[in-house]
Amino acid sequence: MTRRIGVLLVMAIAQGAGLLITGALILAIGDPPPETRYLLFGVVAGLTGAIGLAALYQGLAIGPMSVVAPTASLSVTVPVLIGIATGDRPAALQWLGMVCAIVGIVLAARESDPTDIEGHEEPSPRRGWRGPGLLLALVAAFFLGLLVASLDAAGQGSAPWAAFMVRLTSVPLFVGAALIWRRHERLPTTKETGTLIVVGGFDNLANVLFALASQTGMLALVSVLGSLYPVSTVLLARGFLHERLSRPQTIGVITAFVGVGLIALG
């Protein structure tokens, strides 16, 4: 979608849909707002998430996925370090499991071939490991890591409100940017809009589930498990799109699941 209609418009529609979905959830369950400090953590999560997601999507749009995706997946190290610094003390098996999971995440996020998202051969400038794509991936890794840590803090008050505040903060930023810069070739079709609404729904469901998990688990462990999305992505691509996994991706998936098992045993 970002390559077809531009990152700003994609983010505005997907995040806007997520805001409405989360707001409806809060009204449906009658969840009262938590203390102000938890709402402020949600605002910080929204700001860092907006920067991180924009950097990730733009990096994927202009750089090679085989470089951008694994680099951005290193965002998991930020909340792990914050968790350790604030008192998390994983067991020895859990330490080993986290190392395995992080290595697996990075390997699974690698691109299986040099073609782009439309199936065309990547031009040589996009295949290089240096360039703006790598820089954007590093920015995404840092700010998405801060998003996870802030969402953890906001979720201690209320998981739905944490996700709602993230979107309440980020949506005006993306809508305003989309209106000001208009960096898109065209408006999305009805089908594309529906796809982006589904993306926004899943994105917010993930935020709510992570915030719920962080209420009872150590940030270091929860953030590692919550960052396994590259593994699920490559498995879904294998099952539904019949994409073949490269050898590094296969090793990554296996290593990540070994890590999850060690975390559970610890």
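Since we're looking at a predicted model, the values are computed, not measured. (Residues numbered from 1 in each chain as written. Predicted model: local features only at pLDDT ≥ 70, side-chain atom pairs only at ≥ 80, totals over all residues. Heavy atoms only, no water.)

(A) Looking closely at the packing of helix α8 (residues 132-155) against helix α9 (residues 159-181). Interhelical geometry of α8 versus α9 gives an angle of 135° and a closest axis separation of 8 Å. As the angle between them shows, α8 and α9 are arranged oblique. Along this stretch, α8 crosses α9, giving a crossing that reads as right-handed. Counting all contacts with α8, which are made through Leu151, Ala154 and Gly155, the residues of α9 involved are Ala159, Ala162, Ala163 and Val166. For the contact of α8 with α9, the residue count by class is 6 nonpolar, 1 polar and no charged. (Axes fitted to C-alpha atoms, helices over the stretch in contact; angles between N-to-C directions. Helix = DSSP H or I, 4+ residues; strand = E, 2+ residues; numbered from the N terminus. Parallel < 35°, antiparallel > 145°, perpendicular 65-115°, else oblique. Left-handed = near helix turned anticlockwise from the far one by under 90°. Contact = heavy atoms within 4.5 Å. Nonpolar A, V, L, I, M, F, W, Y, C, P; charged D, E, K, R; others polar.)

(B) Representation of the side chain of Thr48 in the model. Take Thr48: it is sitting in helix α3 (residues 36-62). With relative accessibility at 9%, the residue Thr48 sits in the buried group. From its side chain, Thr48 meets the backbone oxygen of Val44 in a polar contact 2.9 Å long. A distance of 3.5 Å separates the side chain of Thr48 from the backbone nitrogen of Leu147, its partner in a polar contact. (Buried < 20%, exposed > 50% of the residue type's maximum accessible area, 1.4 Å probe, protein only. Polar contact = N/O pair within 3.5 Å; in protein donor to acceptor, adjacent residues only side chain to side chain.)

(C) View of the environment of Phe174. Relative to the helices and strands, Phe174 is located in helix α9. Residue Phe174 is classed as buried on the basis of its relative accessible area, which comes to 5%.

(D) Geometry of the packing of aromatic side chains. Per the stated rule, a full pass over the model turns up 2 aromatic pairs. Ring plane angle 80° and centroid distance 5.2 Å describe the contact between Phe142 and Phe143, whose orientation is recorded as edge-to-face. Residue Phe142 is classed as partly exposed on the basis of its relative accessible area of 43%. Aromatic side chains Trp161 and Phe164 sit 5.6 Å apart centroid to centroid with 80° between the ring planes, which places their arrangement in the edge-to-face category. A residue pair is termed a helical-turn pair when its members lie 3 or 4 positions apart in one helix, as Trp161 and Phe164 do in helix α9 at 3 residues. Neither residue differs from the other here; Trp161 and Phe164 are each classed as buried. (Phe/Tyr/Trp six-rings, centres within 6.5 Å; stacked < 30°, edge-to-face > 60°.)

(E) Structural context of the pattern of salt bridges. Enumeration according to the criterion identifies 2 salt bridges in this entry. When the shortest N-O distance is used, the salt bridge between Glu35 and Arg37 registers 3.0 Å. Linking Arg167 and Asp203 is a salt bridge whose minimum nitrogen-to-oxygen distance equals 2.7 Å. Here Asp203 lies in helix α10 (residues 190-214) and Arg167 lies in helix α9, a separation of 36 residues in the sequence. (Salt bridge = Lys/Arg side-chain N within 4 Å of Asp/Glu carboxyl O.)

(F) How the structure looks around the side chain of Asn204. Positionally, Asn204 belongs in helix α10. A polar contact of 2.9 Å, which involves the side chain of Asn204, links it to the backbone oxygen of Gly200. When near neighbours in sequence (up to four residues on either side) are disregarded, Asn204 contacts Gly18, Leu19, Thr22, Ala163 and Arg167.

(G) Quick peek at the nonpolar core. Formed by 30 residues in total, the largest nonpolar core has its most connected members in Leu8, Leu56, Ala140, Leu144, Phe174 and Phe210. Contributions of two or more residues to this core are made by α2 (7-29), α3, α4 (65-72), α8, α9, α10 and α11 (219-226). When near neighbours in sequence (up to four residues on either side) are disregarded, Phe174 contacts Leu8, Met11, Ala12, Gln15, Ala50 and Ala54. Grouped together as the second largest cluster of nonpolar side chains are 9 residues, Val76, Ala220, Leu221 and Val224 included. (Core = buried A, V, L, I, M, F, W, Y, C linked by side-chain atoms within 4.5 Å.)

(H) Inspection of the confidence of the model for the protein chain at higher detail. Here the protein chain averages 81 in pLDDT, while 90% of its residues score no lower than 70. For the stretch residues 114-120, pLDDT sits under 50, and the model shows 11 contacts to residues farther than four places along the chain or on other chains. Every residue in residues 124-128 scores below 50 in pLDDT, and together they form 12 contacts with partners more than four places removed in sequence or on other chains. (pLDDT = per-residue confidence, 0-100.)

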